[in-house]
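Structure assessment
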Amino acid sequence: MSETLERWGSRRAFILAVTGAAVGLGNIWRFPYMTGENGGAAFLLLYVVFVLVLGLPIMMAEILVGRAGRRGPIHALAHLARQAGVSPHWRWLGLFGAVTVFFILSFYSVVSGWSIEYLIESVNGNFSGRTPDEIGASFDAFLADPLRMTFNHTLFILLTMSVVAAGISGGLERLNNLLMPLLYILLVVLVGYAVTTDGFGTAMAWLFTPDLEAITLSVVLNAMGHAFFTLAVGACALMAYGAYMPDHQSLPRAVVAVAVMDVAVALLAGIAIFSVVFSQGMDPAEGPGLMFVTLPIAFSDLPGGPLWLSVFFLLLLLATWTSSINLAEPLVAIFTDAGLKRGKAAALIGSLVWLVGLLSVFSFSSLSEVTWLAGMNFFELVTTVPLEFFLPIGGLLIAIFAAWVMPASTAMRALDAGPGGFRLWRGLVRYVSIPLVVIVLLSALW
Ligand code: PFF
Ligand code: NA
């Protein structure tokens, strides 16, 4: 494999693509329910700390490797390892990333399918005039209906794979980013509504006054996994995007811009959702259904609610679509690099992901009691292990490779932040990020 000469059209295009990968279900769906299940402010605090000391520096490490290698992850790692005089076995890290994105994509598609269902329902006005209890009950009924869920899951796989097969993700990213400001506006409007509810004060206190005693090992592990997941770090998926990064662009600056946008979406969604939770007397630890129950309730209280609810689910769908393309690209690339046609590779990966996704679909009905590991059903398993273990392990190895194995001159050029910026980044990765991931992982496995 030789070096790619392709580049994103502009610096902005690179930031838009990475933002498209970052902002998705992690922010609007997973962040709120994980915060709910992990006790609120303690989780939020840890998540922000992990984004700063792990997510950002390791995200730079990951993109830097792709940028220095100017190839797909597997070839970039092998090439750079050879250049550094170490074993090309580092390429297996790229394959490990592929395994990680495969399992993530399998449930990502199922849950994105839920937003397709909710988009259709809200366009049909099915939520207007319904009581909160009815809204909750209709979500449960949906989960219990594997046929409807399979339909939406199938649709989402087709949406993702057709864009990947046609190689037109750039167009979708432009659309996504054109519409992204609207997502922020809608979230701000929702927060404005949240302020008027009785639950707002409780929600703010619950989100922003951490009780340090609530920090348990599992809260720490969950927060770390979520920091990697939400920034799309640790699976070599962003490494693939780094290969096309323009020659002159500060990587730290680009990455910080993405992280700010990513965290902002999560915080706005969290404030809106927990205000509804506390004003309706709901359970914050309600689980994966949290957003799908609270947001229809919130919008139904607003003027023009049904319309805005539809717009919201459309934007969410677009956001998850660009993320799932980022998940699928490295998988497809493995097969196109091996000589398969793009369309065939996309069809192959799409079918496999679809099949495995069915196990998640049925985890809400016939397979709900079938446990695979530590009492978890399949959906619980794939929404936990790849995020909480695979991503941090992948991120750890990427960080070791970028900060210890790669020659400093190569890494410094790819970071593009000057000698001072480089030393700061490398010091942070070497002496803070790497030890921290190791400590958390070891204590968790213990
Ligand atoms: N960052 C995405 C989200 O928050 O929804 C999920 C994701 C995309 C994770 C791509 C990992 C990845 F490689
Ligand atoms: Na995210």
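Residues numbered from 1 in each chain as written. Chains lettered and ligands numbered in written order. Predicted model: local features only at pLDDT ≥ 70, side-chain atom pairs only at ≥ 80, totals over all residues.

For the rest of this paragraph, the subject is the overall build of the protein chain. Helices and strands together make up the secondary structure of the protein chain, namely 19 helices and zero strands. Here the C-alpha radius of gyration of the protein chain, 21 Å, is about what a compact globule of 446 residues would show, namely 22 Å. Principal-axis analysis of the C-alpha atoms gives the protein chain an extent of 65 × 50 × 45 Å. Sequence separation of at least 24 residues holds for 85% of the intrachain contacts in the protein chain that already meet a minimum separation of 6. (Helix = DSSP H or I, 4+ residues; strand = E, 2+ residues; numbered from the N terminus. Rg over C-alpha atoms; globule rule 2.2 N^0.38 Å. Contact = placed C-beta atoms within 7 Å.)

The next subject is the site of ligand 1. Residues in close proximity to ligand 1 total 16 residues, the closest being Gly24, Gly26, Ala232, Ala235 and Ala237. At the level of elements, helix H1 (11-22), helix H2 (25-37), helix H5 (91-123), helix H10 (217-231) and helix H14 (305-337) are the ones that each hand at least two residues to the shell around ligand 1. (Near = placed C-beta within 6 Å.)

Bringing the packing of H5 against helix H17 (residues 385-405) into the picture now. At a minimum axis distance of 10 Å, the contact between H5 and H17 shows a crossing angle of 155°. Comparing the axis directions of H5 and H17 gives the class roughly antiparallel. Considering the relative orientation of H5 and H17, their crossing is left-handed. Contacts between H5 and H17 pair Leu93, Phe96, Gly97, Thr100, Phe103 and Ile104 from the former with Pro386, Phe390, Leu391, Gly394, Leu397 and Ile398 from the latter. Of the residues that constitute the contact of H5 with H17, the class distribution is nine nonpolar, three polar and no charged. (Axes fitted to C-alpha atoms, helices over the stretch in contact; angles between N-to-C directions. Parallel < 35°, antiparallel > 145°, perpendicular 65-115°, else oblique. Left-handed = near helix turned anticlockwise from the far one by under 90°. Nonpolar A, V, L, I, M, F, W, Y, C, P; charged D, E, K, R; others polar.)

Looking now at H1. Over its 12 residues, H1 extends 17 Å from the first C-alpha to the last, a length consistent with the 16 Å expected when each residue adds 1.5 Å. Of all the positions in H1, only Phe14, Leu16, Ala17, Val18, Thr19, Gly20, Ala21 and Ala22 are classed as buried. For H1, the elements touching its buried residues are helix H8 (169-195), H10, helix H11 (237-242), helix H12 (251-279) and H14. (Expected span 1.5 Å × (residues − 1). Buried ≥ 20, exposed ≤ 12 C-beta atoms within 10 Å, placed from the backbone.)

On to the confidence of the model for the protein chain. Of the residues in the protein chain, 100% reach a pLDDT of 70 or more, and the chain-wide mean stands at 95. Both scores are available for the predicted complex, with the pTM at 0.97 and the ipTM at 0.99. (pLDDT = per-residue confidence, 0-100.)

Turning to the nonpolar core, a few remarks are in order. Formed by 162 residues in total, the largest nonpolar core has its most connected members in Leu64, Val65 and Ala402. Broken down by element, the residue count for this core peaks at 18 residues, all from helix H3 (residues 41-69). Each residue touching Ala402, except ones within four places of it in the same chain, is listed here: Ala61, Leu64, Val65, Ala411 and Val429. (Core = buried A, V, L, I, M, F, W, Y, C linked by C-beta atoms within 7 Å.)

Its place among the elements puts Phe422 in helix H19 (residues 418-445). Here Phe422 falls in the buried class, since 20 other C-beta atoms lie within 10 Å of it. Measuring from C-alpha to C-alpha, the distance between Phe422 and Ala403 comes to 10.0 Å, with 19 residues separating the pair along the chain. In contact with Phe422, other than residues within four places in its own chain, are Met412, Leu415 and Ala417.

On to H8. Here H8 spans 38 Å end to end across 27 residues, near enough to the 39 Å set by a 1.5 Å rise per residue. Its maximal kink placed at Leu179, H8 deviates by approximately 35°, while the proline Pro181 follows within four residues. Along H8, the residues classified as buried are Ser169, Glu173, Asn176, Met180, Leu183, Leu187, Leu190 and Ala194. (Bend = angle between axes of the 7 residues up to and from the residue.)

With respect to the helices and strands, the residue Arg30 is situated in helix H2. Overall, the presence of 23 C-beta atoms within 10 Å leaves Arg30 in the buried class. Put simply, Arg30 and Gly287 are 257 residues apart on the chain and 9.0 Å apart in space, counted from C-alpha to C-alpha.

With that out of the way, let us pick up unusual backbone geometry. Located in the positive-phi region is Cys236, a residue other than glycine, with phi close to 65°. In this fold, Cys236 is placed in the loop between H10 and H11. Residues other than glycine seldom take positive phi values, yet Ala374 does so here, at roughly 45°. On the secondary structure map, Ala374 appears in the loop between helix H15 (342-361) and helix H16 (378-382).

Moving on to the packing of H5 against H15. At a minimum axis distance of 8 Å, the contact between H5 and H15 shows a crossing angle of 60°. One finds that H5 runs oblique with respect to H15. In the packing of H5 onto H15, the handedness of the crossing is right-handed. Between H5 and H15, the residues in contact are Phe102, Leu105, Ser106, Phe107, Ser109 and Val110 and Val353, Val356, Gly357, Ser360 and Val361, respectively. Of the residues in the contact of H5 with H15, the class split is seven nonpolar, four polar and no charged.

This brings us to the environment of Thr383. Within the element layout of this structure, Thr383 appears in the loop between H16 and H17. Since 25 C-beta atoms lie within 10 Å of it, Thr383 is described here as buried. For the pair Thr383 and Trp308, spaced 75 residues apart in sequence, the C-alpha to C-alpha distance is 29 Å.

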